[in-house]
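Spelled out from the first residue to the last, the chains are:
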Amino acid sequence: MSLDIPPGVVTGDNLVKLMEHARANGYAIPAVNCTSSSTANAVMEAGRANNSPVIIQVSNGGGGFLAGKAVKDPDAAAVGSVALAMHVRSVASYYGIPVVLHSDHCAKKLLPWFDAMLKANEEYFEANGEPLFSSHMLDLSEEPDEENIAICVEYFKRMAPMKIWLEMEIGITGGEEDGVNNEDVDPEKLYTTPEQVFAVYKALSPISPDFSIAAAFGNVHGVYKPGNVVLSPERLVTHQAYAKKQLNSSLDKPIFLVMHGGSGSTQEEIQTAVSAGVVKMNIDTDTQWAYWQGVRDFEAKNKNFLQSQIGNPTGADKPNKKYYDPRKWIREAEMSMATRVAQSIASLGSGGQFKVQDGKGTTQIYKVDSGKMKGMLEVTTGVVIGATLAMLFTKVR
């Protein structure tokens, strides 16, 4: 099966094609948490270098950081998330690969962030016929299963008309990430049962087939010493077999599955998960370290040129600007992060799945009424930043 979709941000039917291609061809797409245009560019650079689709995702904390830590407005995380989406839409097609725009874990307490992003999607869809984001995740795994599923159903009904993909979590991912701490959770909740997974499928499939399930199999956010985390990806095989039997499906893997906590996982664990129908794997901790490692290595190599603006081993009056210029050391961070993303591409088998298409670059930002999204982008202090972003809403061809 060839992957016949255009480069750039993919939504709707093209996103479904991408997910189906991954499932049919036995690979998963790396999904990397990004907190800046720099980290997003590093992910797309890795995808381009390895002929791989990529998923750029933003968390609530990442969105808040993107808006600027000085912004204390309740909608800061949503504003920052939209800003990242706008940046990626501006440049993605120039990398010549498919790019999925996704938002990561949204716990119940973070639903206002989700609501604001959906509002942005609805207004963008009304103007352009496609949503701003490709997909969103709801993580209500801390709630009782019935409440988790019921809330997902209500949101999915709102998302489906725009063909926005929904990722949901059943069972809890351990560890700590982005202010959500599950380090002391009951170990039994780290492992989802086939019945739980199928209950999600039964509830969501009548609305739309465009959803995936993050079923817990001992996953933990972060990196821990060997032996401290016990992953059981073989459980995913059982989930698929159970669903196949219940549905009398011709597909061996009727459910799209997602793997969280990919950092620190062994190749064997990753391969088992992918072979069981995982089409997306999250990576954050390892890519954070890689980004920092690029800066650390640059500083260590050029330490004597980074102690003052003027004066270094080549002369007391020699300038050091070319060393401390942020474009220099941030670029080193990007290259280091891109190298780590490339490792995940190789592990997941997504490399070589999509031939880079050059010469088809176009800024994927469309004309939107400047009055639209005002409620989304106007901070409560009365300072409107929507006008600034609205300048970007005119598509450049």
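Residues numbered from 1 in each chain as written. Predicted model: local features only at pLDDT ≥ 70, side-chain atom pairs only at ≥ 80, totals over all residues. Heavy atoms only, no water.

(A) Examining the overall build of the protein chain more closely. The secondary structure content of the protein chain amounts to 14 helices and 13 strands. Burial statistics for the protein chain: of 397 residues in total, 56% are counted as buried. By element, 53% of the accessible surface of the protein chain is carried by carbon and sulfur atoms, the whole surface being about 17300 Å². (Helix = DSSP H or I, 4+ residues; strand = E, 2+ residues; numbered from the N terminus. Buried < 20%, exposed > 50% of the residue type's maximum accessible area, 1.4 Å probe, protein only. Areas by Shrake-Rupley, 256 points an atom, 1.4 Å probe, with all protein chains shown as cover.)

(B) Local environment of the nonpolar core. Within the largest apolar cluster, 99 residues are counted, with the highest numbers of intra-cluster contacts made by Leu18, Ile56, Val88, Leu204 and Ile213. Top contributing element to this core by residue count: helix 5 (residues 111-128), with 8 residues. Look past the residues within four positions of Val88 in its chain and what remains in contact with it is Val9, Ala40, Met44, Ile56, Val99 and Leu101. (Core = buried A, V, L, I, M, F, W, Y, C linked by side-chain atoms within 4.5 Å. Contact = heavy atoms within 4.5 Å.)

(C) Main features of unusual backbone geometry. The residue Lys163 is not glycine, and still its phi comes out positive at about 60 degrees. Of note, Lys163 is situated in the loop between helix 6 (145-159) and strand 6 (165-170). Look at Lys163 and you get partly exposed, because its relative accessible area is 38%. In the Ramachandran plot, Asn248 falls in the positive-phi region, its phi being about 55 degrees despite a non-glycine side chain. Counting through the fold element by element, Asn248 comes out in the loop between helix 8 (234-247) and strand 10 (257-259).

(D) Region of interest: the side chain of Asn121. Secondary-structure assignment places Asn121 in helix 5. When its relative accessible area of 0% is taken as the criterion, Asn121 is described as buried. A polar contact is formed between the side chain of Asn121 and the backbone nitrogen of Leu132, at a distance of 3.0 Å. Setting aside residues up to four positions removed in sequence, Asn121 forms contacts with Pro131, Leu132, Phe133, His136, Met162 and Ile164. (Polar contact = N/O pair within 3.5 Å; in protein donor to acceptor, adjacent residues only side chain to side chain.)

(E) Main features of the packing of helix 2 (residues 37-49) against helix 4 (residues 76-91). Close contact between helix 2 and helix 4 brings their axes to 10 Å; oriented N to C, the two are set at 40 degrees. As the angle between them shows, helix 2 and helix 4 are arranged oblique. Note that helix 2 runs across helix 4; the crossing there is right-handed. In this structure, helix 2 uses Ser37, Ala40, Asn41 and Met44 to contact helix 4, whose residues at the interface are Leu84, His87, Val88 and Val91. Per-class residue counts for the contact of helix 2 with helix 4 are 5 nonpolar, 3 polar and no charged. (Axes fitted to C-alpha atoms, helices over the stretch in contact; angles between N-to-C directions. Parallel < 35°, antiparallel > 145°, perpendicular 65-115°, else oblique. Left-handed = near helix turned anticlockwise from the far one by under 90°. Nonpolar A, V, L, I, M, F, W, Y, C, P; charged D, E, K, R; others polar.)

(F) A look at helix 4. Taking 1.5 Å as the rise per residue, helix 4 with 16 residues should run 22 Å; its terminal C-alpha atoms sit 23 Å apart, in good agreement. In terms of burial, helix 4 is largely enclosed, as 13 of its 16 residues are buried. (Expected span 1.5 Å × (residues − 1).)

(G) Quick look at the packing of aromatic side chains. Scanning the model with the defined rule gives 7 aromatic pairs in all. Pairing Trp165 with Phe256 gives two aromatic rings, centres 5.2 Å apart and planes at 70 degrees, and the pair type is edge-to-face. With Trp165 in strand 6 and Phe256 in the loop between helix 8 and strand 10, this residue pair connects regions lying 91 residues apart in the sequence. Phe256 matches Trp165 in its accessibility class, with the two residues each being buried. Residues Phe305 and Tyr323 carry aromatic rings whose centres are separated by 4.5 Å and whose planes lie at 25 degrees to one another, so their mutual orientation is stacked. You can see Phe305 sitting in the loop between helix 10 (285-301) and strand 12 (310-312) and its partner Tyr323 sitting in helix 11 (residues 321-324), a full 18 residues away along the chain. Each member of the pair, Phe305 together with Tyr323, is buried. (Phe/Tyr/Trp six-rings, centres within 6.5 Å; stacked < 30°, edge-to-face > 60°.)

(H) Seen up close, the pairing of strand 13 (residues 315-319). Where strand 12 lies against strand 13, 2 bridges are found, and the strand directions are antiparallel. When the sheet's bridge partners are listed, Ile310 is paired in strand 13 with Pro319. (Pairing = 2+ DSSP bridges.)

(I) Fine view of the pairing of strand 5 (residues 135-138). Taking every second residue as pointing to the same face, both faces of strand 5 are buried, with Ser135 and Met137 on one and His136 and Leu138 on the other. Summarising the sheet, strand 4 (residues 98-103) and strand 5 pair through 2 bridges and their orientation is parallel. The partner of His102 across the bridge, within strand 5, is Ser135. Here strand 5 pairs with strand 6 via 4 bridges, running parallel. Within the sheet, the bridge partner assigned to Ser135 lies in strand 6 and is Trp165.

(J) Layout of the environment of His102. Turning to its location among the elements, His102 is positioned in strand 4. Spatially, the C-alpha atoms of His102 and Val32 are 9.6 Å apart, while their sequence positions differ by 70 residues. Look past the residues within four positions of His102 in its chain and what remains in contact with it is Ile55, Ile56, Gln57, Val58, Phe133, Ser135, His136, Met137, Glu167 and Lys280.

(K) Region of interest: the packing of helix 7 (residues 194-204) against helix 8. Following both chains from N to C, one finds helix 7 and helix 8 inclined at 55 degrees, their axes separated by 9 Å at the closest point. Taken together, helix 7 and helix 8 sit at an angle that is classed as oblique. Crossing handedness for the pair helix 7 and helix 8: right-handed. Taking contact as the criterion, the partners of Pro194, Glu195, Val197, Phe198 and Tyr201 in helix 7 are, on helix 8, Thr238, His239, Tyr242, Ala243, Gln246 and Leu247. Within the contact of helix 7 with helix 8, the residues separate by chemical class into 7 nonpolar, 3 polar and 1 charged.

(L) Inspection of the side chain of Ser135 at higher detail. In this structure, Ser135 sits in strand 5. In contact with Ser135, not counting residues within four places along its chain, are Leu15, Val100, Leu101, His102, Ser103, Ile164 and Trp165.

(M) Highlighting the pattern of salt bridges. What the rule picks out here adds up to 15 salt bridges. Close ionic contact of Lys157 with Glu154 constitutes a salt bridge, the shortest N to O distance being 3.6 Å. In this pair, Lys157 and Glu154 are both assigned in helix 6, 3 residues apart and thus about one turn of the helix distant. Residue class for Lys157 comes out partly exposed when judged on its relative accessible area of 46%. Between Asp297 and Arg296 there is a salt bridge; the shortest N-O distance is 3.7 Å. Arg296 sits in the partly exposed class, given a relative accessible area of 34%. Among the ionic contacts, a cluster of salt bridges with common partners joins Glu45, Arg331 and Glu334. (Salt bridge = Lys/Arg side-chain N within 4 Å of Asp/Glu carboxyl O.)

Such coordinate-based values are descriptive only and should not be taken to indicate function.
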